[in-house]
Amino acid sequence: MTARAAPRPPGEAAFCWAMVLLGAFVTWQGSAIGHFDGPSAAGVFPVAAGGAMTLAALVAAISATRRAEPGLGPVLPRDVAAIGVLVLGYMAGLEALGFVAASLAFLFLAILWLQRGRVLRAGLVAALAVAVVWVVFRMVFRVVLPQGWVFA
Amino acid sequence: MTDALSYFLLSWTDPSLLALTAAGTFAGIYIGAIPGLSVTMAVAILISFTFTWSVNPALALIAGVYTGGVYGGSRSAVLLNIPGAPAAIATALDGYPMAQRGEAGRAIGLATVMSVIGGFIGIAALAIAAPAISDIALAVAPRDYLLLALLGLLLVGSLSGESFAKGLFCGALGVALGLVGLDQMTAEPRFTFGTTALMGGIPYVAAMIGFFGVSEALVQLRRPDLPPIRQQVERIVPPWAAVRRHAPLTLRSSLIGVVVGALPGTGGDIAALLAYDSARRTVKAPTHPFGQGAEEGIVAPESANNAAVGGAYIPMLTLGIPGDAVTAVIIGALFIHGLKPGPMLMVETPHLFWFTVGNLTLANIFLLVFGLSGIRVFAKLAEAPRALLVPLILVLSVVGTFAIQNSATDVLWMLGFGVFGYFLRIYGFEVGPVVLGMILGPLMDASYRRAMISAADDPLEFVMGFGESWISGGLAAFCIAVLAQAGLKALRRKRGRA
């Protein structure tokens with residue numbers, strides 16, 4: 001339980017210090033909730049949660065800074081960055097193009113990138129997956145899926 | 001007695017009721033397995049088109065969906081690390097590592113059998129001890145809910161991974177996220193930053209999908225060259241020896257499920273988390289370490305969450321108070337059909353009680369049949385190459401999140417949590433405590449404040465209140481014992497290292 005697991009990319013200490021700031025921000029925002037007119041005030045738990053976040057992150061940050069181990073590997077490997085960009089495009093596309101077109105495009109491009117080619121296989125898997133999701137969600141369970149406004 | 005037996009067997013002997021229970025259970029398993037499709041939503045939809053039916057077919061279908069749905073969440077939890085429902089969060093903690101070892105079939109088989117056993121224990125409690133359990137559920141005060149939530153939150157300690165500080169940070173972050181929105185007691189906005197979009201809070205199912213599913217998919221992309229894990233699907237039904245070995249844990253977890261399920265405002269998710277925590281503290285020699293694919297990590301939550309179904313029916317049928325969100329919807333269905341769940345139900349309509357008991361038993365038998373079939377096909381999902389699986393997980397996460405309340409904002413939250421979860425994970429923070437905090441934080445906040453208000457905002461009176469009833473006293477003593485045990489363990493570890 002205490003042994004270190006996988007090797008970490010660089011930036012652990014910086015990330016932990018960012019979490020300290022996040023905890024301090026939550027505490028500050030929590031203290032601005034309503035009036036602290038007693039132990040049952042609405043802000044008590046938010047402040048307690050923020051305080052616990054700050055203290056715990058502080059301990060983790062000090063420990064990571066002291067260890068100062070050199071990180072291994074990139075923070076955002078090429079595949080993670082590429083899929084991240086595609087997901088952002090997918091989000092924008094969902095609102096504009098609707099579920100079918102945006103998901104087809106996302107799946108096709110993501111599979112094409114990750115398997116380094118094989119256009120036909122990527123297209124077939126994307127089409128089949130979108131068809132299955134459409135049938136299950138839209139037709140069987142009558143769930144509303146994003147419509148988009150380009151093809152509306 | 002003869003009447004009770006004939007009502008009990010009604011859905012077993014009527015072909016249409018038999019078929020409806022089977023269809024409901026089958027549908028429930030797959031509704032539960034798909035993230036974003038909740039049992040509550042399915043039951044609410046069912047009510048809208050069964051309200052012209054007579055009461056028995058409607059209840060047969062609903063009981064099947066409820067039973068199947070609570071179990072179904074375990075499938076996607078094991079195969080994709082995306083709990084299909086909040087009740088399967090704890091199952092993912094050890095089920096997914098089992099799938100990573102090539103034992104997805106065994107994990108799902110174990111989850112199925114334990115769910116059925118838990119379900120039977122829940123039904124037995126409903127049939128035998130409903131009035132007694134209802135009395136206990138009614139006697140539970142806000143301070144007791146506070147202690148129960150605290151017990152659940154202590155799980156943060158064992159879910160923290162390498163660093164307790166990082167686990168505590170994640171648990172507290174989850175509590176803060178769970179408090180976003182209008183305060184349920186005073187309607188004061190908390191962490192809303194003046195935006196109406198945050199007034200309703202952050203849906204924890206979206207956070208759960210993001211933290212578990214999307215972050216896992218992104219982390220998998222860090223090692224794209226790892227070959228897919230070959231799944232062993234030769235033996236999916238757990239051997240009798242394993243069932244026997246886990247029997248004491250199954251019984252303990254099921255009893256936790258029954259009692260927590262019977263408490264209004266809780267449900268299978270909290271029951272499963274408490275049972276998982278209890279298993280981590282009490283099982284001395286698990287098959288593997290907890291969090292790394294221990295069978296006990298599946299046995300405890302799966303038996304508890306299905307036992308909670310029977311538990312949730314107890315206050316609903318005997319007091320007219322729902323045990324969880326699904327039974328709240330079922331109460332609506334009963335009223336639509338002119339029935340009045342409550343203390344007079346056993347007097348005015350005893351057939352309804354025994355019909356429900358018989359129907360739930362039948363649904364559990366179907367759960368065993370449908371749960372154990374198709375596992376070989378499902379397990380193959382985990383063998384798919386990452387190049388296909390990761391994009392599919394992302395699309396499923398987006399659609400599942402959108403389906404919760406047709407909100408693009410929820411999808412943004414989910415993806416945001418997914419990316420944040422990715423950074424948390426690569427730097428050694430565990431995401432489990434975040435979701436745990438989101439579920440238990442609001443319950444703890446509301447219970448603490450109710451208890452404090454009832455003590456007239458006097459901290460001394462608040463503390464003295466724990467001695468007022470045997471439930472509070474017992475729970476408080478238990479919490480102190482757990483904390484002392486954790487403290488002693490930490491001390492021993494420190495001495496061992498010195």
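Residues numbered from 1 in each chain as written. Chains lettered and ligands numbered in written order. Predicted model: local features only at pLDDT ≥ 70, side-chain atom pairs only at ≥ 80, totals over all residues. Heavy atoms only, no water.

## Examining the overall build of chain A
When its secondary structure is counted, chain A shows five helices and zero strands. Secondary structure elements of chain A, listed N to C terminal, follow the sequence α-α-α-α-α. C-alpha extents for chain A along the principal axes are approximately 60 × 45 × 30 Å. Among the 152 residues that make up chain A, the fraction classed as buried is 40%. Sequence separation of at least 24 residues holds for 61% of the intrachain contacts in chain A that already meet a minimum separation of 6. Roughly 8,000 Å² of accessible area belongs to chain A as shown, and the carbon and sulfur atoms make up 74% of that amount. Charge-centre separation for chain A: the mean point of 10 positive side chains lies 14 Å from the mean point of 5 negative side chains. (Helix = DSSP H or I, 4+ residues; strand = E, 2+ residues; numbered from the N terminus. Buried < 20%, exposed > 50% of the residue type's maximum accessible area, 1.4 Å probe, protein only. Contact = heavy atoms within 4.5 Å. Areas by Shrake-Rupley, 256 points an atom, 1.4 Å probe, with all protein chains shown as cover. Lys, Arg positive; Asp, Glu negative; His and termini not counted. Charge placed at Lys NZ, Arg CZ, Asp CG, Glu CD.)

## So, the UniProt feature "transmembrane region" (unreviewed entry) in chain A
Residue and element names in this part refer to chain A. Per the UniProt record, the feature "transmembrane region" (unreviewed entry) sits at residues 12-31, 43-63, 75-92, 98-115 and 122-141. End C-alpha atoms of residues 75-92 are separated by 25 Å, and the span's content is 83% helix alongside 0% strand. Strand forms 0% of residues 98-115 and helix 89%; the C-alpha atoms that close the span are 26 Å apart. (UniProt positions renumbered as here; feature names shortened; annotations may be inferred.)

## Focus on the pattern of salt bridges
Close approach of charged atoms allows side chains with opposite charge to pair. Residue and element names in this part refer to chain B. Going through the model one piece at a time under the given rule, you end up with 13 salt bridges over all chains. Note that Arg101 is salt-bridged to Glu103, the shortest N-O span being 3.0 Å. Asp277 is the partner of Arg281 in a salt bridge, and the nearest nitrogen-oxygen pair spans 3.0 Å. Of this pair, Arg281 and Asp277 both sit in helix H14 (residues 268-282), four residues apart, which is roughly one turn of the helix. Here Arg281 matches Asp277 in class, with each residue buried. One network of salt bridges, in which partners are shared, links Asp183, Arg190, Asp445 and Arg449. (Salt bridge = Lys/Arg side-chain N within 4 Å of Asp/Glu carboxyl O.)

## Digging into the domain arrangement of chain B
Residue and element names in this part refer to chain B. With domains assigned, chain B is organised as domain 1 (2-454) and domain 2 (455-498). One C-alpha centre belongs to domain 1, the other to domain 2, and the line joining them spans 28 Å. With 17 residues of domain 1 at the interface, the matching set in domain 2 holds 19 residues. Interface of domain 1 and domain 2: buried area, both sides summed, is about 1,600 Å²; carbon and sulfur atoms make up 71% of it. Joining domain 1 to domain 2, the criterion identifies one salt bridge. If you look at where domain 1 meets domain 2, you find ten residue pairs in polar contact (both at pLDDT 80 or more). (Domains from an automatic or database assignment. Buried area = accessible area lost by both parts, 1.4 Å probe. Polar contact = N/O pair within 3.5 Å; in protein donor to acceptor, adjacent residues only side chain to side chain.)

## What about a nonpolar patch on the surface?
Residue and element names in this part refer to chain A. A grouping of Val100, Leu104, Trp134, Val135, Met139 and Val140 is seen on the molecular surface, where their side chains present a nonpolar patch of about 490 Å² in accessible area. Broken down by secondary-structure element, the contributors of at least two residues to the nonpolar patch are helix H4 (99-114) and helix H5 (119-140). For the nonpolar patch, the element with the most residues is H5, which contributes four residues. Tracing the backbone shows Met139 in helix H5. (Patch = residues over 30% accessible without salt bridge, like charges linked within 9 Å, V, L, I, M, F, W, Y side chains within 5 Å.)

## Notes on the packing of aromatic side chains
Applying the stated criterion across every chain yields a total of 20 aromatic pairs over all chains. Aromatic side chains A:Tyr90 and A:Phe106 sit 4.7 Å apart centroid to centroid with 10 degrees between the ring planes, which places their arrangement in the stacked category. Pair noted here: A:Tyr90 is in helix H3 (residues 78-97) and A:Phe106 is in helix H4, with a separation of 16 residues, a long-range link. You'll find A:Tyr90 and A:Phe106 in the same group, each marked buried. By way of ring pairs, the aromatic residues A:Phe15, B:Phe169, B:Tyr427 and B:Phe429 are connected into one cluster. The residue whose ring lies beneath B:Lys166 is B:Phe429, and the NZ or CZ to ring-centre distance is 5.2 Å. (Phe/Tyr/Trp six-rings, centres within 6.5 Å; stacked < 30°, edge-to-face > 60°. Lys NZ or Arg CZ within 6 Å of the ring centre and 35° of its normal.)

## Digging into helix H5 (residues 55-80) of chain B
All names here are of chain B. In a regular helix each residue adds 1.5 Å, so 26 residues correspond to 38 Å; H5 covers 38 Å between its end C-alpha atoms and thus fits that length. Largest kink in H5: about 30 degrees, centred on Gly69. Asn81 lies just past H5 and shows a positive phi near 65 degrees. (Expected span 1.5 Å × (residues − 1). Bend = angle between axes of the 7 residues up to and from the residue.)

## Regarding the confidence of the model for chain A
When pLDDT is averaged along chain A, the result is 87; 94% of the residues meet or exceed 70. Of all secondary-structure elements in chain A, the lowest mean pLDDT belongs to H5(A), at 89, while helix H1 (residues 12-31) of chain A reaches the highest, 95. (pLDDT = per-residue confidence, 0-100.)

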